[in-house]
Amino acid sequence: MLNRHARGFFTALFSPVARWLLRIGVSPDAVTVVGTLGVVIGALVFYPLGQLFWGTVFITAFIFSDVIDGIMARMQQRGGRWGNFLDSTLDRVADGALFAGVAVWFFTGGANPAVAVAAILCLVLGMVVSYARAKAEALGFHANVGIAERAERLVSVLVVTGLTGLGLTPVVLFVTLCLLATASLVTVIQRIVTVHRQSLAEPEGTATERPA
C-alpha cells in the first residue's frame, strides 16, 4: 500500500518481522489473507458499532501486512504473478470493507446520511479506478496514471475516521470523503483518456471483441 517515498523506511522496519515469520514457516500468502481478514473485521464489526477510533487502531495493526507479505516474497524470491494477483484482489476486499463499514455506521447509529453516501461514492469510484487499470493492462495498454493513489486514500480515511471517533466533527470526515471521491473520479477520467490515446495510435484493423 505504501508509495515509493515510504517504502524504504518500512522495508527496513518490518524486515526482521518478515524474517521471523519465514523462519517459523508462515507463508507470504498466509500473511496476506490474515491481514485482509483483520481489516475486514475491524471495518465491518468495529465501525458499524460506532467504535471508530478503536476500529481504526485495529485496522492499522493489520494493514501493514501489505508491506510484510511483499518483503517476505522478495526474501523468498517469489514475487510471481500468483502473489501479485492475490494481493491485488484482497486489497480490493479490504478497501471495500473499509468504506462500507463507515457507510453502515453513518446510515444507522451515526445518523449522518451525507457521510454515508460520500463513503459509498468512494467505495464505488475506488473500485472503478482499480478496474480501469487492470482492464487496460489486460488489453495491452498502460494506465498507471492518476492523482488518487491507494496509500493516500487509506491514510486519509483512517486518520480522519479515527479522529471522528475521538470527537472530531463529522463534517471533516464528509469533506475528506468528498475530496477522495473527486480525486478518484479524476483518476478514472485520466485513465480513460490515457487508454483512448493509446488506442488511437494502434494500427488500423486491430480490434478486440467487446464483452456482452
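Residues numbered from 1 in each chain as written. Predicted model: local features only at pLDDT ≥ 70, side-chain atom pairs only at ≥ 80, totals over all residues. Heavy atoms only, no water.

J.: I'm lost on the nonpolar core in this one. Help?
T.: Looking at soluble globular proteins, one finds that nonpolar side chains tend to be buried together. Tyr47, Ile59, Val102, Phe106 and Leu177 are the most contacted members of the largest nonpolar core, which totals 28 residues. The set of elements that each furnish at least two residues to this core consists of helix H2 (28-46), helix H3 (52-63), helix H5 (81-107), helix H6 (113-138), helix H7 (150-165) and helix H8 (170-200). In terms of residue count, H5 provides more of this core than any other element does, eight residues in total. The contact partners of Ile59, leaving out residues within four places of it in the chain, are Val39, Gly42, Ala43, Tyr47, Leu98 and Leu158. (Core = buried A, V, L, I, M, F, W, Y, C linked by side-chain atoms within 4.5 Å. Buried < 20%, exposed > 50% of the residue type's maximum accessible area, 1.4 Å probe, protein only. Helix = DSSP H or I, 4+ residues; strand = E, 2+ residues; numbered from the N terminus. Contact = heavy atoms within 4.5 Å.)

J.: Sorry if this is basic, but what is going on with the state of the cysteines here?
T.: Throughout the structure, instances matching the rule amount to zero disulfides. The thiol sulfur of Cys122 is not disulfide-bonded, and the nearest other cysteine sulfur, from Cys178, lies at 7.6 Å. Since its relative accessible area comes to 4%, Cys122 is described here as buried. (Disulfide = S-S within 2.5 Å.)

J.: Can you walk me through H2 in this structure?
T.: Side chains of residues three or four places apart in an α-helix project in the same direction, reflecting 3.6 residues per turn. In this model, H2 (19 residues) spans 26 Å end to end at C-alpha, consistent with the 27 Å of a helix rising 1.5 Å per residue. The set of residues buried in H2 consists of Pro28, Val31, Thr32, Gly35, Thr36, Gly38, Val39, Gly42 and Ala43. The buried residues of H2 occupy an angular sector of 155 degrees when projected down its axis, which confines them to one face. (Expected span 1.5 Å × (residues − 1). Arc of directions from axis to C-beta.)

J.: Is there a simple way to explain helix H4 (residues 65-75) in this structure?
T.: Extensive coverage of H4 is indicated by the burial of eight of its eleven residues. Within the span of H4, buried status applies to Ser65, Asp66, Val67, Ile68, Asp69, Ile71, Met72 and Ala73. Backbone geometry just after H4 places Gln77 at a positive phi near 55 degrees.

J.: Just to check I follow, could you spell out the pattern of salt bridges for this structure?
T.: Oppositely charged side chains are able to pair whenever their charged atoms sit close together. Under the defined criterion, the tally for this structure stands at six salt bridges. One salt bridge in this structure joins Asp95 and Arg92, with 3.7 Å as the shortest N-O distance. Taken together, the positions of Asp95 and Arg92, both in helix H5 and three residues apart, correspond to about one turn of that helix. By relative accessible area, which is 7% here, Asp95 ends up buried. Arg92 gets classed as partly exposed once you look at its relative accessible area, which sits at 23%. Between Glu137 and Arg133 there is a salt bridge, with the nearest N and O atoms lying 3.0 Å from each other. Of this pair, Glu137 and Arg133 both sit in helix H6, four residues apart, which is roughly one turn of the helix. (Salt bridge = Lys/Arg side-chain N within 4 Å of Asp/Glu carboxyl O.)

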